[in-house]
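# Structural characterization, general
Here are the chains, one letter per residue:
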Amino acid sequence: MPGPRTLSRLLVLHSWAGIVTGLLLFIVCFSGAVVVFKHEIDLWANPSLARLPRSERPAALATVLAQLQTHYPGATVESIALPDAVNPNYFAWVRGPGANARTKLALRSDTGAVVGPVDSQLGQYLRMLHVFLFFGPRWIVGFLGVSMLVLIGTGVVIHRKILAELFTLRWDRSPRVLLSDLHKCTGVWGLGFHILIAATGAWMGLAPLFEQGYEYLTTGATTTTTTAAAATQHGTAPAAMQSLDALHAAAQQAMPGLQTQHVSLRRWGSSSAGAGFSGKLGGHLASTARVDLDAVTGRLNKLHDPRTRGFWSLLNSLMEPLHFGDYGGLTLKWLYFILGLTPALMSISGTLIWLMHRGSSAVR
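Residues numbered from 1 in each chain as written. Predicted model: local features only at pLDDT ≥ 70, side-chain atom pairs only at ≥ 80, totals over all residues. Heavy atoms only, no water.

### Here we look at unusual backbone geometry
Although it is not a glycine, Leu-133 adopts a positive phi angle of roughly 50 degrees. With respect to the secondary-structure elements, Leu-133 resides in the loop between α5 (122-132) and α6 (138-158). Although it is not a glycine, Arg-267 sits at a positive phi angle of roughly 50 degrees. Note that Arg-267 resides in the loop between β5 (258-266) and β6 (274-281). (Helix = DSSP H or I, 4+ residues; strand = E, 2+ residues; numbered from the N terminus.)

### A short note on the nonpolar core
If you look at the biggest cluster of nonpolar residues, it comprises 30 residues, and the most contacted ones within it are Leu-61, Leu-68, Ile-80, Tyr-90, Leu-244, Val-263 and Phe-277. The set of elements that each furnish at least two residues to this core consists of α4 (61-71), β1 (76-81), β2 (90-95), β3 (103-107), α11 (244-254), β5, β6 and β7 (289-294). At four residues, the largest contribution of residues to this core is made by α4. Setting aside residues up to four positions removed in sequence, Leu-68 forms contacts with Val-77, Ile-80, Ala-92, Val-94, Leu-105, Leu-107 and Val-114. Val-36, Ile-41, Leu-126 and Val-131 belong to the second-largest nonpolar core, a separate cluster that totals 14 residues. (Core = buried A, V, L, I, M, F, W, Y, C linked by side-chain atoms within 4.5 Å. Buried < 20%, exposed > 50% of the residue type's maximum accessible area, 1.4 Å probe, protein only. Contact = heavy atoms within 4.5 Å.)

### Considerations on the environment of Gln-69
Relative to the helices and strands, Gln-69 is located in helix α4. By relative accessible area, which is 40% here, Gln-69 ends up partly exposed. Each C-alpha atom, one on Gln-69 and one on Thr-111, is 15 Å from the other, the two residues being 42 residues apart in sequence.

### Considerations on the side chain of Lys-333
As for its position among the elements, Lys-333 is in helix α13 (residues 329-363). Using a relative accessible area of 8% as the deciding quantity, one classes Lys-333 as buried.

### A look at the sheet that holds β1
Read across the sheet, eight strands follow the order β4-β3-β2-β1-β5-β6-β7-β8 without closing on themselves; strand pairing throughout is antiparallel. Only two strands of the sheet have a single partner each, and these edge strands are β4 (114-117) and β8 (300-304). Within the sheet, the average angular offset between the axes of one strand and its neighbour, ignoring direction, is 20 degrees. Here β5 pairs with β6 via eight bridges, running antiparallel. What sits directly across from Gln-259, in β6, is Lys-280. Strand contacts of α4: β1, β2, β3, β4, β5 and β6, with the helix running at about 140 degrees to β1, the strand carrying the most contacts. (Pairing = 2+ DSSP bridges. Axes fitted to C-alpha atoms, helices over the stretch in contact; angles between N-to-C directions.)

### Let's talk about a nonpolar patch on the surface
A surface patch of nonpolar side chains, about 420 Å² in accessible area, is lined by Leu-345, Ile-348, Leu-352, Leu-355 and Met-356. If you trace the backbone, Leu-355 turns up in helix α13. Residue class for Leu-355 comes out partly exposed when judged on its relative accessible area of 46%. (Patch = residues over 30% accessible without salt bridge, like charges linked within 9 Å, V, L, I, M, F, W, Y side chains within 5 Å. Areas by Shrake-Rupley, 256 points an atom, 1.4 Å probe, with all protein chains shown as cover. Salt bridge = Lys/Arg side-chain N within 4 Å of Asp/Glu carboxyl O.)

### Some words on the layout of surface pockets
Size it by volume and the second largest pocket reaches roughly 1,000 Å³. Surrounding the second largest pocket, 36 residues form its lining, His-14, Ser-15, His-159, His-183 and Gly-350 being those nearest its centre. Contributions of two or more residues to the lining of the second largest pocket are made by α1 (4-35), α6, α7 (162-165), α8 (175-189), α9 (191-219) and α13. With ten residues, α1 is the single largest residue contributor to the lining of the second largest pocket. Looking at the lining of the second largest pocket residue by residue, the class counts come to 18 nonpolar, 14 polar and four charged. (1 Å grid on protein atoms, 1.4 Å probe; cavity = no way out; pocket = protein on both sides within 12 Å on 5 of 7 lines; lining within 4 Å. Points joined across faces, edges and corners; volume = space filled by probe spheres on them. Nonpolar A, V, L, I, M, F, W, Y, C, P; charged D, E, K, R; others polar.)

### With respect to the pattern of salt bridges
Scanning all chains against the criterion turns up eleven salt bridges. Between Asp-110 and Arg-108 there is a salt bridge, and its shortest N-O distance comes to 2.8 Å. With a relative accessible area of 30%, Asp-110 lands in the partly exposed category.

### Some details on empty space enclosed by the protein
Tallying each qualifying case throughout the model produces one cavity of 30 Å³ or more. In this structure, the largest cavity occupies an estimated 290 Å³ of space. For the largest cavity, the lining is made up of 26 residues, of which Val-28, His-130, Ile-197, Gly-201 and His-323 are closest to its centre. Only α1, α5, α6, α9, α12 (311-324) and α13 provide two or more residues apiece to the lining of the largest cavity. In terms of residue count, the dominant contributor to the lining of the largest cavity is α9 (seven residues). Residues of the lining of the largest cavity, tallied by class, amount to 17 nonpolar, eight polar and one charged.

### Overview of α12
Along α12, the sharpest change in direction is near 25 degrees and occurs at Leu-318; proline Pro-321 comes one to four residues later. After α12 finishes, the residue Gly-325 shows a positive phi value of roughly 65 degrees. (Bend = angle between axes of the 7 residues up to and from the residue.)

### Re the side chain of Lys-104
Residue position: Lys-104 is located in strand β3. Setting aside anything within four residues of it in sequence, one finds Lys-104 in contact with Asp-42, Phe-91, Ala-92, Trp-93, Gly-116, Pro-117, Val-118 and Gln-121.

### Topic: the packing of α5 against α12
In the contact formed by α5 and α12, the axes pass within 14 Å of each other and the chain directions differ by 115 degrees. Of the two possible hands of crossing, α5 and α12 adopt the one that is right-handed. Across the interface between the two elements, Arg-127, His-130 and Val-131 from α5 touch Glu-320, His-323 and Phe-324 from α12. (Left-handed = near helix turned anticlockwise from the far one by under 90°.)

As far as function goes, none of this settles anything; it's purely spatial.
So this is what it looks like as structure tokens:
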């Protein structure tokens, strides 16, 4: 059991870690609680899209691509999102000739006809706020996940009577005592969920940083830039493409159980064109399954099946579904939303407790 001096130091660490990161933690946790309904929010913000019919047999991908090329000649089709359990439509992202910004388009799922640009992307904005704080690198949010783990660890050690604090709410005491009880009670009830969210958030934010550092040390700084430069210097001659539906069928054959959610197109129409099919795996939580094919020959370029790539790849593929709760339907989303609000509320209550303590100390 830690001694009084250690507990005092942990209390100082807990307090200052909460004060320094409190505002950002509130923003990230609140936006994270709301963003579990990202697709529902996007439909709510675009009521005309929600009223479009849902097709049991969506239009062929080749039809969707042909419609895009007809309505936006000269534009580059970068990716296509397929209809899912929430969204009844196709979505596509296109970039006009010489344009820096992408346009998100909606298409009917039954005919593949272009509806037009999507008016609001509120759900995507909330996700950008949660994952990147709009403009920051993702490792900042990963660091906040580590900070949250520190707050959880120090809080558990400081408040050792966890079972007693499950139901300790002294309504007849001062506001500061009641706020402290609410802070501790909320933390104990949501402890398992808070650890899950903090650990998965820290992993997704910081793991790519460590991977890039490892690659830099082992392969050198010029590998990525050299490869990217080589890719742009060859394969620009026009060529006939395989049917997008034939490529999709080949991807599903190469990876049994693939439930395609997104199709990405690279240099489409040229001799170095490629198509990537990514999504989930049937009966599995993994979210990083991807098949890359040569769009001219149909040859398999790359296959990323987390089920066969070892423990760390499998673990990484579980992080996003566990963090965002998109694997258990609407009921699980509501549970994630309610529990996701608790760390945001705790960041506020912790700051208020600290300010009350500072104020009472100043008075004395």
